[in-house]
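Observations on the three-dimensional arrangement
Read off the chains here:
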Amino acid sequence: MLPEEIKSKFQEKSGIIMMPSQMQRFGISDEDDGEMGMDVKAEDDDDEDEEKNMETPSVVDMHGGVLSVNNRYMNQQHYQDQPVTPVGGSRRCRPQEEKERTKLRERQRRAITAKILAGLRRHGNYNLRVRADINDVIGALAREAGWVVLPDGTTFPCRSQGTRPAGGATNTALAASVSQIPAENVPSTSVGCISPSYKCTADCSSSQTKTAFVPTSSPYDASSTGRSHTSTMLGDGDELLNDPLLGVSVDSVDDRQVLDAPMKLQERNFTGTPFVPVFIMLSSGVVNTKCELVDPDGLVRSLEVLRSLNVDGVMVECWWGIVEAHHPQEYNWNGYQTLFQIIREMKMKIQVLLSFHECGGNVGDDVCIPLPNWVTNIGRSNPDIYFTDRAGRRNPECLSWGVDKERVLSGRTTVEVYFDYMRSFRVEFNEYFEDATISLVIIGLGPSGELRYPSNPVKHGWQYPGIGEFQCYDQYLLKSLRKATESRGQPCWARGPENSGAYNSRPQETGFFCDGGDYDGYYGRFFMSWYSQLLVDHGDQILSLAKLVFEGTCIATKLSGIHWWYKTASHAAELTAGYYNSSHRDGYAPILKMLGRHGASLFFANSEIMTGIDRPLDFSESMAHHPRGLAWQVLNSAWDAGIAIYSQSSFPYNGEDEYARILERAKPLDHPDGKHFLSFTFRRLNPLVMERHNVIEFKSFIRKMHGDAGSQYQT
């Protein structure tokens, strides 16, 4: 049974107390509750009888402390003793009725476990992984109550760390290392770069018992192949214990036990690897719509925290809708001047994103910043300046590429408006370019600052993983389409696809994107070539001017990681976004070639890293979700074309294993040309990063990105 102090901690932190009425709601009697409780003695006895019949080793029993139940035993079904009918001499026969009862009890157990985990995450601030099991719950509660829980399940009071618990299975070196974790004092503050979607605060002085933290095993631990073993001397007089499922064996040598445990594979050492700076994206609302810096004192505290963690710099979005808000060519940079001055005094670098789109309504947006007022006034009288879908719905998130060369913005074209804005920025902040405080300028070329069509707007009802819709129905783009069809000699093609589905359709539900669909016919290939070439031409025009304005400074363009439906033949979601990347065509090569002409870099929003979108239960990963494949294609194509790569996480930090994936992608092992990212930017931070043990992991990750220390992550 669990100690009473752990039980009380559980009820206090999770807010879940199973009352008799709740137990009846799940159809659980007191007798069943006893079976499904934490006390697994009856189940272990039953398993022991069965394993004796099957002539397999028994499980190591941990004496003293909290019993850590292996997942293998949590997934087994409980059943009552039945007369054993020898079948092959090793299996017992159970009636069908008994099997149904065990399935029902297992479903009830899982329902209760799900509520427990939800309560702990929401009310107890426990950093439990998504697929946490009962072992993780017990371990978290035990640590909160002042106990030490080792990875093998050995548990003992924190005050007795120097004393090996009974049973002798303690890794003394690991126990010693737990007590030596430094207690770093990180200021508790509301950081402007921390994601506001999380409600918990970063209080590093909350509970001393949380310092006794032992990282859980990761998917980079040793596998069943290539293992090496080490022998550790244990206590005296215990019987021989072996468990191949746990990967350990205990033998007796001179009346002393020797534990053979598998060691991890050789760890990758990042010492001496290329320096990759780490940036944090500041909140979009750090400067308000009046172009005033919000909470300068709080910003200074936030930057001090980041600087203490060895973060190299921050990313700042400079919004067109704030700077040129009221009248054409009247620019107000006051708030950004104050912001940049504070950042420079902190000796940090700045990545600037020139945002020519609106903020609000998309994933990750925390404020609402529309396009300039004088532009929206023009849009009321001429709504065709915005992208339009087949149903005629306008999207005011950004301007249509059909007006790039149309003088519809108070006598100027869109290209001229963007050029004047970039030139004003360069003049205003010239000193920051000269002293290299501004290290990168990202040119916003579409929604969310990415070079793509706004094919999946949430405001129009799009939900992941819908394929989206083509955005080419404003009068300017339709005029361009008619001109292209006349040049092709097919005026009847002057229309958008009529069978391409709706925003939330699946490829196989449409006649255009299904296998062998119209996308691969004569009309489909013509339309997609025209649609995707408009995207390339738009980027080409803007970057040709940006190259002149920011001469001597690295410029970059953002591409979106649209990975859903990547494994289908049509790549429907990419096609509606303007990436003509079907199974028989490389849709990113023309974009990368265009970047190379202007010496621009690629800023890739890597959706493989920290994907935070909840996928529907009926969404088959084998048919669609493949961020790794997309990342492999884009990154290797860019490196092959000689394009430098900057990367950004799509969503906030979501677990310690993410660091390993970032390191793998940022510094590929044994790349023949030594390619690597030029920087990595976090899109906000989860407040859990600021907890003491997570801060230690984060600083270690940054050292590895800087090439300063050996790695704890496995290749």
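That block above? That's the structure.
Described in the following lines is the structure provided in the data block. (Residues numbered from 1 in each chain as written. Predicted model: local features only at pLDDT ≥ 70, side-chain atom pairs only at ≥ 80, totals over all residues. Heavy atoms only, no water.)

Examining the overall build of the chain
How we decide: Secondary structure elements follow DSSP: runs of H or I no shorter than four residues count as helices, runs of E no shorter than two count as strands, and numbering proceeds from the N terminus. Here's how the labels work: a residue is buried when its accessible area is under 20% of the maximum for its type, exposed when over 50%, partly exposed in between, all with a 1.4 Å probe on protein chains only. Residue contacts follow a heavy-atom distance rule, with two residues in contact if any of their heavy atoms lie within 4.5 Å.
Scanning the chain for helices and strands turns up 21 helices and 16 strands. Burial statistics for the chain: of 715 residues in total, 52% are counted as buried. In the chain, once contacts between residues fewer than 6 apart in sequence are set aside, the share between residues at least 24 apart is 75%.

Things to note about the packing of helix α13 (residues 414-428) against helix α16 (residues 522-549)
Note the cut-off: Fitting a line to C-alpha atoms yields each axis, with helices limited to the stretch in contact; the angle taken between N-to-C directions then spans 0 to 180 degrees. Working definition: roughly parallel below 35 degrees, roughly antiparallel above 145 degrees, roughly perpendicular at 65 to 115 degrees, and oblique for all remaining angles. Helix crossings fall into two classes, left-handed where the near helix is turned counterclockwise from the far one by less than a right angle and right-handed where it is turned clockwise. When residues are sorted by character, Ala, Val, Leu, Ile, Met, Phe, Trp, Tyr, Cys and Pro go into the nonpolar class, Asp, Glu, Lys and Arg into the charged class, and all the rest, Gly among them, into the polar class.
Closest axis-to-axis distance for the α13/α16 pair is 10 Å, and the angle between their directions is 25°. Here α13 lies roughly parallel to α16, going by the angle between them. The crossing of α13 and α16 is right-handed. Seen from α13, the contacting residues are V415, Y418, F419, M422, R423 and R426; seen from α16, they are H538, Q541, I542, L545, A546 and V549. For the contact of α13 with α16, the residue count by class is eight nonpolar, two polar and two charged.

Describing unusual backbone geometry
Note that the residue after Y464, namely P465, is joined by a cis bond; omega there is 5°. Its location among the elements puts P465 in the loop between β12 (438-443) and α15 (475-488). Phi is positive for Q329, close to 65°, though the residue is something other than glycine. Checked against the element boundaries, Q329 lands in the loop between α10 (320-323) and α11 (334-345). For Q329, a relative accessible area of 46% gives the class partly exposed.

What about the pairing of strand β13 (residues 555-560)?
Note the threshold: At least two DSSP bridges between two strands are required for those strands to pair.
In terms of burial, β13 is a largely internal element, six of the six residues being buried. A two-sided burial pattern is seen for β13, the buried positions comprising I555, T557 and L559 on one face and A556, K558 and S560 on the other. Of the pairings in the sheet, the one linking β12 to β13 comprises two bridges and is parallel in character. Each residue of the ladder has a partner; that of V441, found in β13, is I555.

A short note on the packing of helix α9 (residues 296-308) against α11
Relative orientation of the contacting elements α9 and α11 amounts to 30°, with a least axis distance of 10 Å. The orientation of α9 with respect to α11, classified from their angle, is roughly parallel. α9 and α11 meet at a crossing whose hand is right-handed. Within the contact between the two elements, α9 uses P296, L299, V300 and L303 and α11 uses L339, I342 and I343. Looking at the contact of α9 with α11, its residues break down into seven nonpolar, no polar and no charged.

Things to note about a positive patch on the surface
The condition that has to hold: For patches, a residue must show more than 30% relative accessible area and have no salt bridge; joins then use 9 Å for like charges and 5 Å for nonpolar side chains, namely Val, Leu, Ile, Met, Phe, Trp and Tyr. Accessibility throughout is a Shrake-Rupley quantity obtained with a 1.4 Å probe, and a residue counts as covered only by protein chains that appear here. Criterion for a salt bridge: a side-chain nitrogen of Lys or Arg within 4 Å of a carboxyl oxygen of Asp or Glu. In this charge count, Lys and Arg are treated as positive and Asp and Glu as negative; neither His nor the chain ends contribute. By convention, the point assigned to a charge is CZ for Arg, NZ for Lys, CD for Glu and CG for Asp.
On the surface, a cluster of positive charge is made up of K405, K479, R482 and K483. Relative to the helices and strands, K483 resides in helix α15. Residue K483 is classed as exposed on the basis of its relative accessible area, which comes to 61%.

Some details on the environment of G379
Structurally, the position occupied by G379 is in helix α12 (residues 373-381). The spatial distance from the C-alpha of G379 to the C-alpha of L399 is 9.5 Å, given a sequence separation of 20 residues. Not counting chain neighbours up to four residues away, the residues in contact with G379 comprise I385 and Y386.

Description of helix α18 (residues 589-597)
Note the cut-off: Directions drawn from the helix axis to the C-beta atoms are what define this arc.
Every buried residue of α18 is accounted for by I591, L592, M594 and L595. One face of α18 carries all of its buried residues, which in axial projection span an arc of 155°. Of the residues trailing α18, G599 is marked for its positive phi of about 65°.

Details of α9
Convention followed: Here, expected helix span is obtained from the residue count minus one, scaled by 1.5 Å.
A rise of 1.5 Å per residue sets the reference length of α9, with its 13 residues, at 18 Å; its end C-alpha atoms lie 18 Å apart and thus fit the reference within 8%. Within α9, burial applies to G298, L299, S302, L303, V305 and L306. Along α9, the residues classed as buried sweep out an arc of 155° about the axis, all on the same side. Looking at the packing, one finds that the buried side of α9 touches β7 (278-281), β8 (313-319) and α11. Following α9 by one or two positions, N310 has its phi on the positive side, about 70°.

A look at the packing of aromatic side chains
Within a pair of aromatic rings, the relevant descriptors are the distance that separates the centres and the angle that separates the planes. Note the following rule: Only centres within 6.5 Å qualify two rings of Phe, Tyr or Trp (six-membered ring in Trp) as a pair; their planes then separate them into stacked at under 30 degrees, edge-to-face at over 60, and tilted for everything else. Charge-over-ring placement is defined geometrically: NZ (Lys) or CZ (Arg) within 6 Å of the ring centre, and within 35 degrees of the ring normal.
Going through the model one piece at a time under the given rule, you end up with 43 aromatic pairs. Centre to centre, the rings of F340 and F429 are 4.7 Å apart; their planes meet at 40°, and the pair counts as tilted. Taken together, the residues span a long stretch of sequence, with F340 in helix α11 and F429 in the loop between α13 and α14 (430-434) at a distance of 89 residues. We note that F340, like F429, is buried. Between F512 and F513, the aromatic rings sit 5.0 Å apart at their centres with planes inclined by 85°, giving edge-to-face as the arrangement. Note on accessibility: F512 and F513 belong to one class, buried. Note that R344 overlies the ring of Y432, its terminal NZ or CZ placed 4.1 Å from the centroid. Positioned above the aromatic ring of F433, the side-chain terminus of R426 is 4.5 Å from the ring centre.

Digging into the nonpolar core
Put simply, the test is: The set of buried Ala, Val, Leu, Ile, Met, Phe, Trp, Tyr and Cys residues whose side-chain atoms join them within 4.5 Å is what this entry labels a nonpolar core.
In terms of nonpolar packing, the biggest core is built from 136 residues, with Y336, L339, F340, L354, F425, F550 and F698 touching the most fellow members. Tallying contributions element by element places α16 first for this core, with 14 residues. Discounting residues that sit within four places of it in the chain, L339 has contacts with L282, V286, V287, L293, L299 and V316. Core analysis: the next-biggest nonpolar cluster, separate from the first, contains nine residues, I116, L120, I138 and L141 among them.

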